[in-house]
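Breakdown of the fold
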Protein chains: 2
Amino acid sequence: MKNNYKVNSKLALFFVIAFSYVGLSQNSDEEQIKKLYDTALTEGSGYDWLNYLSNQIGGRLSGSIQAQQAVDYTKAQLDSLGVDKVWLQPVMVPKWVRGTPEFAYFETNPGATTNVAICAIGGSVPTPPRGIKANIIEVEGIEQLSSLGKDKIQGKIVFFNKPMDATQINTFTAYSNCVDQRYAGALEASEYGAVGVIVRSMNLRLDDYPHTGSMSYGEQAGSERIPAAAISTNAAELLSTSLKLNPDINFYFKQNCKQFDDVESYNVIGEIKGTTKPEEVIVVGGHLDSWDLGDGSHDDGAGCVQSMEVLNLFKKIGYKPKRTVRVVLFMNEENGLRGGNKYAEFANAKNEKHIFAIESDSGGFSPRGFTFESSDKDFEKVLEWKNLFKPYLVHYFEKGFSGADIGPLKKDGLVLAGLRPDSQRYFDHHHAENDTFEHVNKRELQLGAASMASLIYLIDKYGF
Amino acid sequence: MKNNYKVNSKLALFFVIAFSYVGLSQNSDEEQIKKLYDTALTEGSGYDWLNYLSNQIGGRLSGSIQAQQAVDYTKAQLDSLGVDKVWLQPVMVPKWVRGTPEFAYFETNPGATTNVAICAIGGSVPTPPRGIKANIIEVEGIEQLSSLGKDKIQGKIVFFNKPMDATQINTFTAYSNCVDQRYAGALEASEYGAVGVIVRSMNLRLDDYPHTGSMSYGEQAGSERIPAAAISTNAAELLSTSLKLNPDINFYFKQNCKQFDDVESYNVIGEIKGTTKPEEVIVVGGHLDSWDLGDGSHDDGAGCVQSMEVLNLFKKIGYKPKRTVRVVLFMNEENGLRGGNKYAEFANAKNEKHIFAIESDSGGFSPRGFTFESSDKDFEKVLEWKNLFKPYLVHYFEKGFSGADIGPLKKDGLVLAGLRPDSQRYFDHHHAENDTFEHVNKRELQLGAASMASLIYLIDKYGF
């Protein structure tokens, strides 16, 4: 009995010490994370930065004056934070310009025309100066082209009308499942002799905003390229219904967009040097360019200011990271990914050791969690921290896609992550005229920044 | 060895059977729940109903013509669903009318006036016809009145300026922590001789909308009652800053709101009779009345149409509940709770056996989960279902407040619950002119309805 008692007593002592230690460490993490969230909600600068980017600068398409203004502005703001180093990384980017507003109508009978809202898809060639008018034929998606064949498509405008699947809870999945018609619709339809394509906007809601986005002609010769435009979901529904009543409808559209030679632009980079492991780099970023129709508040002004906020929060709470924490505002995610590629190229050339990179490029909505591209071992480690996020209702920790700009960094041993905000409203605004500042809620934006800062804090402290 | 093998083999068989059974049952629940969500997202009627309530009827303050129109409209819609029984439950409600738009300014020097946005708080007495003008004194909250005392307050207007705490992740907690100044500020300040009160709007955002809400004079004699108005957060900040520069500021306000005698109104009720246990009742509800400034889309048109949608979804997927599932659209939550009290009174008088009641009255935002008022045992049972909600990102299952209207039903053995949507944007709109339809996202609204329907499906199937 006595002996037993001694063993138990020793064991008890061991547990007391072990749990105190864990308790202390957990407690301090809880406290630091609470400080990060409190500071983000009460003293953050992200919302003000976004206000400037959105309302003073506006849409920031690669190669535009606004993109350059955004480079200058964010560099100046990072400078003013007093971080250790701020610099610009030159990168050549494509320059595509929309030109004068597009115009389109469909004609059920000669003279009986209905105007519809369209916009050129980014990278499209223009129509001839007087526009194109041709019979229009509806398809559900690219896969339907071959069953119709050249006979039915030749000389016509193809109307891609595959809707986003409303039953997907993650709206990005619905997007992935039909964005091929926007990206490759023109290339594919031209193989069947189509003279133009009209694509249903990637929008789960019925409204009057056409949504632009990127497309590619691959290696197609310039003379074979056909113009492509997106049509609003309301107009797509109307056109589709009209085609059911009368399959013989002419569609007219005119756009004078133009591709210029590449121009020089920049990734904007700032960092806090690590105290004990400065050679290990943690990246947090978003993309500074946006489409031209709205002001790019959700896509991706939000991700940029949230990333800048991470450094700001560390400064404000006096946290000095062991590792180097670097914000990267990537240029040209939307129509080229040149910034992401350039950053990875430099990092590799300098043999920098990146241990973690996270991107915010899914809107400034309430953060729900993170997705990770990592080994099982590293993912297990991340899951141990999940409970620390529970008070902030950040609950979604899953393996999955991280972000386009940090993708080129991918290599064994590097963990990539993406911030996952609530996705329900994202495609109401994505690439459209109504991606504007008033649709961003300050608290939701700041909670996203705090969530990234907290995860980076843990990774900096404990490593992988 | 052989014997052992036999035992193991029997055990194995047992597990195969047991797990197949569980597997089957789980699977069928998963399928039913997926059907509910899919149907809500593709064929639901909630958003259209809300469009009508908000845009064709508008704000539905108790006793108003709009409240009566909302009773008629929702009854007709429930009738058209072909549920087993639809009826109106009469209830006498207070009738308070705002009158002509309020007007207010503050005066730093004679003639140097700044107009500010105010609205009468619901239930307030009017000012005299020509308004009130008096020195204004700022306090942080009710608790500060006693330290100032009658000397400093007598004859003045008291300006309650306690802000909502931005560090609360659940914005309803921030609301609870300072709403006493709106509810009881006039009563308390009048005890110190104040002649009126101006209350900072319950809004976490800085903007120009004053937010109304309810207040009470308790048993105070009519002659002692002083008028109360809410001021927008931007104006509250401006006034507070001005008072720091110059404590001697006069404030003027005028409002001619009026309390009339009670009038008759109705709870709107519809139900699907249970197949095998019709005597056990499950209630789902929201409140049909709203404040008068906006159109009451989030508060609580959303909760009403989500509750109606539950019956609609059961009909659409062909689910016949074992128990009676009843939607109740309560009248007069905002300024009296008469509908909630009346419903409980009738249910008790008829000795009805309610086993579960859930309310949606926290806005039509992305559903995050539920709160429960229940015994530990019943709560454990609910937690077993939590994983079924994971695909829909519904993750928050906690004990906590359910809803005001179902509160009067409370008794041992009855489980009460509240739908908990994301709360970050709620107080941007709550009780203000901008609680309007365009701020409700269809998918978020419908996901909330499906979440309630799924929980009710499980409770109906398995009971407590």
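Please read these numbers as outputs of a predicted model, since none were measured by experiment. (Residues numbered from 1 in each chain as written. Chains lettered and ligands numbered in written order. Predicted model: local features only at pLDDT ≥ 70, side-chain atom pairs only at ≥ 80, totals over all residues. Heavy atoms only, no water.)

**A word on helix H3 (residues 65–80) of chain A**
Residues and elements named next belong to chain A. Heads up, the rule is: Secondary structure follows DSSP: runs of H or I at least 4 residues long count as helices, runs of E at least 2 residues long count as strands, and numbering of each begins at the N terminus. The length a helix should cover is 1.5 Å for every residue beyond the first. The rule is simple: take the accessible area with a 1.4 Å probe, protein chains only, and divide by the maximum for that residue type; under 20% is buried, over 50% is exposed, in between is partly exposed. The contact definition used throughout considers only heavy atoms, calling two residues in contact when any of these lie within 4.5 Å.
Over its 16 residues, H3 runs 23 Å from end to end, which matches the ideal 22 Å to within 8%, given 1.5 Å per residue. Three or more residues of H3 are buried, namely Ala67, Ala70, Val71, Tyr73, Thr74 and Leu78. Looking at the buried positions of H3, the neighbouring elements they touch are helix H2 (46–57), strand S1 (85–97), strand S10 (258–272), helix H8 (297–317) and strand S12 (323–330). Of the residues trailing H3, glycine 82 is marked for its positive phi of about 70°.

**Some thoughts on the side chain of A:His211**
Residue and element names in this part refer to chain A. You can see histidine 211 is positioned in the loop between strand S7 (196–200) and strand S8 (228–231). The buried category is assigned to histidine 211, whose relative accessible area is 2%. Residue contacts for histidine 211: discarding those within four places in its chain leaves Cys119, Ser201, Met202, Asn203, Ala230, Phe427, Asp428, His429, His430, His431 and Ala432.

**A short note on a negative patch on the surface**
Selection rule: Only residues whose relative accessible area exceeds 30% and that take part in no salt bridge are eligible for patches, with like-charged residues grouped when within 9 Å of each other and nonpolar side chains (Val, Leu, Ile, Met, Phe, Trp, Tyr) grouped when within 5 Å. Computed with the Shrake-Rupley method and a 1.4 Å probe, the accessible areas treat only the protein chains shown as cover for residues. Salt bridge, as used here, is a side-chain nitrogen of Lys or Arg placed within 4 Å of a carboxyl oxygen of Asp or Glu. When charges are counted, Lys and Arg are positive and Asp and Glu negative, with His and the chain ends excluded. In plain terms, the charge of a residue is placed at NZ if it is Lys, CZ if Arg, CG if Asp and CD if Glu.
A contiguous patch of negative charge on the surface is contributed by A:Asp180, A:Glu188, A:Glu191 and A:Glu224. In this fold, A:Glu191 is placed in the loop between helix H6 (180–190) and S7.

**So, the sheet that holds strand S7 (residues 196–200) of chain B**
Across a sheet, strands are paired by hydrogen bonds formed along the backbone, either parallel or antiparallel in direction. All names here are of chain B. So the rule is basically this: The rule for pairing is simple: two strands pair if DSSP sees at least two bridges between them. Axes here mean lines fitted to C-alpha atoms, for a helix over just the part in contact, with angles spanning 0 to 180 degrees between N-to-C directions.
Read across the sheet, eight strands follow the order S3-S2-S9-S5-S6-S7-S8-S4 without closing on themselves; strand pairing throughout is mixed. In this open sheet, the two strands that pair with only one neighbour each are strand S3 (112–115) and strand S4 (118–120). Sheet twist, expressed as the average angle between the axes of neighbouring strands with direction ignored, equals 30°. Pairing of strand S6 (residues 157–160) with S7, which is carried by four bridges, proceeds in the parallel orientation. For phenylalanine 159, the partnering residue across the bridge sits in S7 and is isoleucine 198. Packing of helix H4 (residues 145–153) onto the sheet brings it into contact with strand S5 (132–139) and S6, and relative to S5 it is tilted by some 155°. Sheet contacts for helix H6 (residues 180–190): S6, S7 and strand S8 (228–231); angle to S7, the most-contacted strand, approximately 155°.

**Here's the deal with the UniProt feature "domain: Peptidase M28" (unreviewed entry) in chain A**
Formally: UniProt positions are given in the numbering used here, feature names are shortened, and annotations may be inferred rather than shown by experiment.
Per the UniProt entry, the sites bearing "domain: Peptidase M28" (unreviewed entry) are residues 267–450 of chain A in this numbering. Secondary structure across residues 267–450 of chain A divides into 29% helix and 27% strand, with the first and last C-alpha atoms of the span separated by 23 Å.

**Brief notes about the sheet that holds strand S13 (residues 353–359) of chain A**
All names here are of chain A. Ordered in space as S1-S10-S12-S11-S13-S16-S14-S15, the eight strands form an open sheet in which the pairing is mixed. The sheet is open, and its two edges are formed by S1 and strand S15 (396–399), each paired on a single side. Sheet twist, expressed as the average angle between the axes of neighbouring strands with direction ignored, equals 20°. Judged from the four bridges that link them, S13 and strand S16 (residues 415–421) form a sheet pairing that is parallel. Counted as the bridge partner of phenylalanine 356 is valine 415 from S16. Running over the sheet, H8 touches S10, strand S11 (277–287), S12 and S16 and is turned about 150° from S11. Sitting on the sheet, helix H10 (residues 376–383) is in contact with strand S14 (367–373), S15 and S16, with an inclination near 175° to S15.

**Overview of the relation of the copies chain A and chain B**
Selection rule: Fitting of the copies onto one another was done by least squares over C-alpha atoms, counting residues only where both copies have pLDDT of at least 70.
Once chain A has been moved 0.0 Å along the axis and rotated by 180°, it coincides with chain B to within an RMSD of 0.0 Å. Interpreted geometrically, this transformation is the action of a two-fold axis. Among all residues of chain A, the minimum C-alpha distance to the rotation axis is found for A:His395, at 3.6 Å. A high fraction, 100%, of the interface residues of chain A reappear at the interface in chain B, so the copies pair face to face through one surface.

**Brief notes about the packing of aromatic side chains**
Rule in force here: Note on aromatic contacts: the rings of Phe and Tyr and the six-membered ring of Trp form a pair at centre separations within 6.5 Å, being stacked when their planes are under 30 degrees apart, edge-to-face when over 60 apart, and tilted otherwise.
Summed over all chains, the structure comprises 48 aromatic pairs over all chains. With a centroid separation of 5.9 Å and 90° between ring planes, the pair formed by A:Phe330 and A:Tyr343 is classed as edge-to-face. One end of the pair, A:Phe330, is in strand S12; the other, A:Tyr343, is in helix H9 (residues 338–349), and 13 residues separate them in sequence. Here the two residues A:Phe330 and A:Tyr343 agree in accessibility, since each one is buried. Ring geometry for B:Phe172 and B:Phe427: centres 5.0 Å apart, planes at 70°, overall edge-to-face. With a gap of 255 residues between them, B:Phe172 in helix H5 (residues 171–176) and B:Phe427 in helix H11 (residues 426–429) connect regions that are remote in the sequence.

**Structural notes on the confidence of the model for chain A**
Residue and element names in this part refer to chain A. Just so we agree on the cut-off: pLDDT: the predictor's confidence for each residue, scored from 0 to 100.
Looking at chain A as a whole, its pLDDT mean stands at 95, while 94% of the residues score no less than 70. Overall, residues 1–24 carries pLDDT values under 50, and its contacts beyond four positions in sequence, including any with other chains, amount to one contact. For this predicted complex, the interface confidence reaches an ipTM of 0.93, while the overall pTM sits at 0.94.

**A closer look at the interface of chain A and chain B**
Threshold: The term buried area denotes the loss of accessible surface (1.4 Å probe radius) that occurs when two parts are joined, taken as the sum for both partners. Each polar contact in these results corresponds to two N or O atoms within 3.5 Å; when the atoms are within protein, one needs to be able to donate a hydrogen and the other to accept it, and residues that are neighboring in sequence are counted only if both atoms are side-chain atoms. By the convention adopted, Pro, Cys, Tyr, Trp, Phe, Met, Ile, Leu, Val and Ala count as nonpolar, Lys, Arg, Asp and Glu as charged, and the other residues, Gly among them, as polar.
Counting from both sides, the interface comprises 29 residues of chain A and, opposite them, 29 residues of chain B. For the pair chain A and chain B, the summed buried area comes to about 2700 Å², and 51% of that belongs to carbon and sulfur atoms. Three residues stand out in chain A for area buried against chain B, namely A:Ile169, A:Arg425 and A:Arg443, and they jointly supply 27% of the buried area on that side. Residues B:Lys390 and A:Glu398 are paired through a salt bridge, measuring 3.5 Å at the closest nitrogen-oxygen approach. Where chain A touches chain B, the interface holds 18 residue pairs in polar contact (both at pLDDT 80 or more). Listing elements by their share of the side of chain A that touches chain B, those giving two or more residues are helix H1 (2–43), S14, S15 and helix H12 (442–462) of chain A. Class assignment for the residues of the side of chain A that touches chain B results in eleven nonpolar, nine polar and nine charged.

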